[in-house]
Amino acid sequence: MRRLKLRQTIMHPRGSGAPDNERGAVAIIVAMLLVVLMGAAAIAVDVGALYAEKAQLQNGADSAALAIADDCAGGSCGDFAATGDEFANTNANDGSSGAIVTFPNATTVRVATNARDANTDADSFSLFFARILGFETTEVGAIAEASWGPPGSGGAFPLAFSDKCWDLSGAVDTGQLQKISWKPGVTCTNPSGHTIPGGWGWLDDPDSDCYAVTGLGNAIGSDPGNNKPTQCATILQGWINVLNSGDEVNVLFPVFDTATGSGNTGSFHIIGFATFSIVGWKFGQNGVYEYHNTTAALGNSHLACSGGNDRCIIGQFIKFQSIDSVGGVGGGADLGTLDIRLTK
C-alpha cells in the first residue's frame, strides 16, 4: 500500500499572514489607489458641478442678451448693465454671478457672464473634492450675442404688398387703417398702374398649403385667379377666432417694389417685410373668405370691399418686434418689423 505524504506547512514565526515587507507593499498600493479614487471623485463631482454652473451662466447670458436686444430694438437700451446683472443672477441657482455688457456694433449686444462666489463676491467658482489635490477655485464663464434688425426672409399667408401701400413712419407705431384692393382697381400700385395683370397679388404656392416662404431680392412668382384654394379656410377661421376673442391678428407680409410679367409668369421683387394688423378681408364669396367687410363693422364705407367680385384686405401697418420667430436678421428695408435672435 502506498503511503500518502503530507505537505508540511511552515508557519511564519509571528503567525499566519504575509511577511512584513509584503504588508508594506500592500499599504502603499492602497494609499495610491485612494489617491486615484479621490481624484476620480474630484473629477466626477467637481466637473459635474462645473457643467451645471456653466449651463446656468449660459442661460443668464442668453436671456440677458435677448432682453437687452429687445430694449434696444424698441429705441432705448435702458440700463443695460443692470439688465445684464438681473438676468445673470436670476438664472444662477445661488443668485450670484457677474455680467459684462458690450456692443460689438450698432445692432448687436454681447453679454459675458461669470461665476461669482456668493460669500466672498470673488469672480470664481469654489471646488470641493479638488481641494484635496490643491485646487480650491476656478473661473467659469459664458458668452452670448444677440442682434436685431429687419428680417431677411419670412413665411406666411401668400400675399405680397406693394411698397406704395406701406405708410408707417418712424414717428408712429401704428399706420392708418386702410383697404388694400386688388379688384376692382388695384390700390397703391406701382408706376405702371397695376400690380401684375391677372396676378391679383397672390404669391406662388406650389404646396397649396396657403403658406409662402420668401426672401430678400427674390423674384417670387405670382398665382393668378380670384380665389385661394380651400387650404386657406383653416387659417382664415383661425384669424376669425382670434379677432372674435378680442385679440389682434398680426401677419408678416413681404413687400415688393417692382412687379413684372403677367398672370402666372409674373413675379415680385421683394425688398423687405412688414407686419399688417388685419381687421377684415374679402378673398371670396361668403364663409371664412369674407369677414368684417361691411360699413357697419368698419365704421367707414370707403373701407368696405362690397362688390361681388371685389377682393381686398383691411387693416393697418404696425411696428412689431419678434424674438426668433421670423426669417432672421437679414438687412432688408426697415418697414417697422424687427427680428431679434441669438447670433452666438
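Residues numbered from 1 in each chain as written. Predicted model: local features only at pLDDT ≥ 70, side-chain atom pairs only at ≥ 80, totals over all residues. Heavy atoms only, no water.

Trainee: What should I look at first to understand the pattern of salt bridges in this one?
Mentor: Where side chains of opposite charge bring their charged atoms close, a pairing between them can arise. Taken as a whole, this structure holds four salt bridges when the rule is applied. We note a salt bridge from Lys-164 to Asp-163, for which the minimum N-O separation is 3.2 Å. Lys-164 sits in the partly exposed class, given a relative accessible area of 42%. The exposure class assigned to Asp-163 is partly exposed, which follows from its relative accessible area of 24%. (Salt bridge = Lys/Arg side-chain N within 4 Å of Asp/Glu carboxyl O. Buried < 20%, exposed > 50% of the residue type's maximum accessible area, 1.4 Å probe, protein only.)

Trainee: How should I be thinking about the sheet that holds strand S2 (residues 108-115) in this particular structure?
Mentor: Sheet strands line up and pair through hydrogen bonds in the backbone, either parallel or antiparallel. As summarised here, the arrangement of the five strands in space is S1-S2-S5-S16-S15, forming an open sheet in which the pairing is mixed. Whereas interior strands pair on both sides, the edge strands pair on one side only; in this sheet they are strand S1 (97-105) and strand S15 (320-323). The mean inter-strand angle of the sheet, taken between neighbouring strand axes irrespective of direction, is 20 degrees. Relative to S1, helix H2 (residues 80-90) is tilted by about 135 degrees, and along the sheet it contacts S1 and S2. (Pairing = 2+ DSSP bridges. Helix = DSSP H or I, 4+ residues; strand = E, 2+ residues; numbered from the N terminus. Axes fitted to C-alpha atoms, helices over the stretch in contact; angles between N-to-C directions. Contact = heavy atoms within 4.5 Å.)

Trainee: What should I look at first to understand the state of the cysteines in this one?
Mentor: Scanning the model with the defined rule gives two disulfides in all. Each disulfide pairs two cysteine sulfurs, and for Cys-210 the partner residue is Cys-232, the sulfurs being separated by 1.9 Å. Here the S-S torsion is close to 100 degrees, and the disulfide linking Cys-210 with Cys-232 is therefore right-handed. Here the residue Cys-210 occupies a position in the loop between strand S8 (178-183) and strand S9 (212-215), and Cys-232 occupies one in helix H3 (residues 232-244), the gap between them amounting to 22 residues. (Disulfide = S-S within 2.5 Å.)

Trainee: I tried to follow H3 on my own but got confused; where do I start?
Mentor: What sets the pattern is the α-helix's 3.6 residues per turn: residues three or four places apart point alike. For H3, spanning 13 residues, the distance from its first C-alpha to its last is 18 Å, which sits close to the expected 18 Å at 1.5 Å a residue. Every buried residue of H3 is accounted for by Cys-232, Leu-236, Trp-239, Ile-240 and Leu-243. Along the axis of H3, the buried residues cluster in a sector spanning 100 degrees; they form a single face. As for H3, its buried residues are in contact with strand S11 (249-260), strand S12 (267-282) and strand S13 (290-291). At the C-terminal side of H3, Gly-246 shows a positive phi close to 95 degrees. (Expected span 1.5 Å × (residues − 1). Arc of directions from axis to C-beta.)

Trainee: Help me understand the environment of Ala-88, please; the structure alone is not making it clear to me.
Mentor: Tracing the sequence through the fold places Ala-88 in helix H2. Along the sequence, Ala-88 and Ile-100 sit 12 residues apart, while their C-alpha atoms lie 9.9 Å from each other.

Trainee: What should I look at first to understand the confidence of the model for the protein chain in this one?
Mentor: Note that predicted coordinates carrying low pLDDT should not be read in detail. Looking at the protein chain, pLDDT values average 80 and 78% of them are 70 or higher. Between residues 1-13, whose pLDDT stays under 50, and residues either more than four places distant or in other chains, the model counts one contact. (pLDDT = per-residue confidence, 0-100.)

Trainee: How do you make sense of the packing of aromatic side chains when you look at a structure like this?
Mentor: Given two aromatic rings, one states the distance between the centres and the angle between the planes to describe the pair. Summed over all chains, the structure comprises 12 aromatic pairs. With centroids separated by 5.0 Å and ring planes inclined at 85 degrees, the aromatic side chains of Phe-80 and Phe-103 adopt a geometry described as edge-to-face. Taken together, the residues Phe-80 in helix H2 and Phe-103 in strand S1 connect sequence positions 23 residues apart. A relative accessible area of 30% places Phe-80 in the partly exposed class. Look at Phe-253 and Phe-276: their rings are 6.4 Å apart centre to centre, the planes differ by 75 degrees, and that puts the pair in the edge-to-face class. Separated by 23 residues along the polypeptide, Phe-253 in strand S11 and Phe-276 in strand S12 bring together distant segments of the chain. Looking at Phe-253, the relative accessible area reads 0%, which means it is buried. (Phe/Tyr/Trp six-rings, centres within 6.5 Å; stacked < 30°, edge-to-face > 60°.)

Trainee: Even after reading the chapter, I still don't get the nonpolar core, so can you show me in this structure?
Mentor: One broad trend across soluble globular proteins is that nonpolar side chains are buried collectively. Counting 31 residues, the largest nonpolar core has Phe-157, Trp-281, Phe-283 and Ile-313 as its most contacted members. Top element by residues in this core is H3. It accounts for five residues. Here Trp-281 is in contact with Leu-236, Trp-239, Ile-240, Leu-243, Val-288, Tyr-289, Glu-290, Tyr-291, Asn-293, Cys-312, Ile-313 and Ile-314, once residues within four sequence places are set aside. In terms of nonpolar packing, the next biggest core, distinct from the first, is built from 18 residues, Leu-66, Cys-72, Ala-73 and Ala-99 among them. (Core = buried A, V, L, I, M, F, W, Y, C linked by side-chain atoms within 4.5 Å.)

Trainee: Honestly, a nonpolar patch on the surface in this entry has me stumped. Any pointers?
Mentor: Among the surface-exposed residues, Ile-43, Val-47 and Tyr-51 lie close enough to one another that they form a single nonpolar patch of about 330 Å² accessible area. The topology assignment puts Val-47 in helix H1 (residues 20-73). Among the residues examined, Val-47 registers a relative accessible area of 32% and is labelled partly exposed. (Patch = residues over 30% accessible without salt bridge, like charges linked within 9 Å, V, L, I, M, F, W, Y side chains within 5 Å. Areas by Shrake-Rupley, 256 points an atom, 1.4 Å probe, with all protein chains shown as cover.)

Trainee: Even after reading the chapter, I still don't get the environment of Ser-147, so can you show me in this structure?
Mentor: In this structure, Ser-147 sits in strand S5 (residues 141-149). Given the relative accessible area of 9%, Ser-147 is considered buried. When the C-alpha atoms of Ser-147 and Leu-66 are compared, they prove to be 8.3 Å apart, with 81 residues separating the residues in sequence. If near-sequence neighbours (up to four positions away) are discounted, Ser-147 is found in contact with Thr-107, Thr-108, Val-329, Asp-339, Ile-340, Arg-341 and Thr-343.

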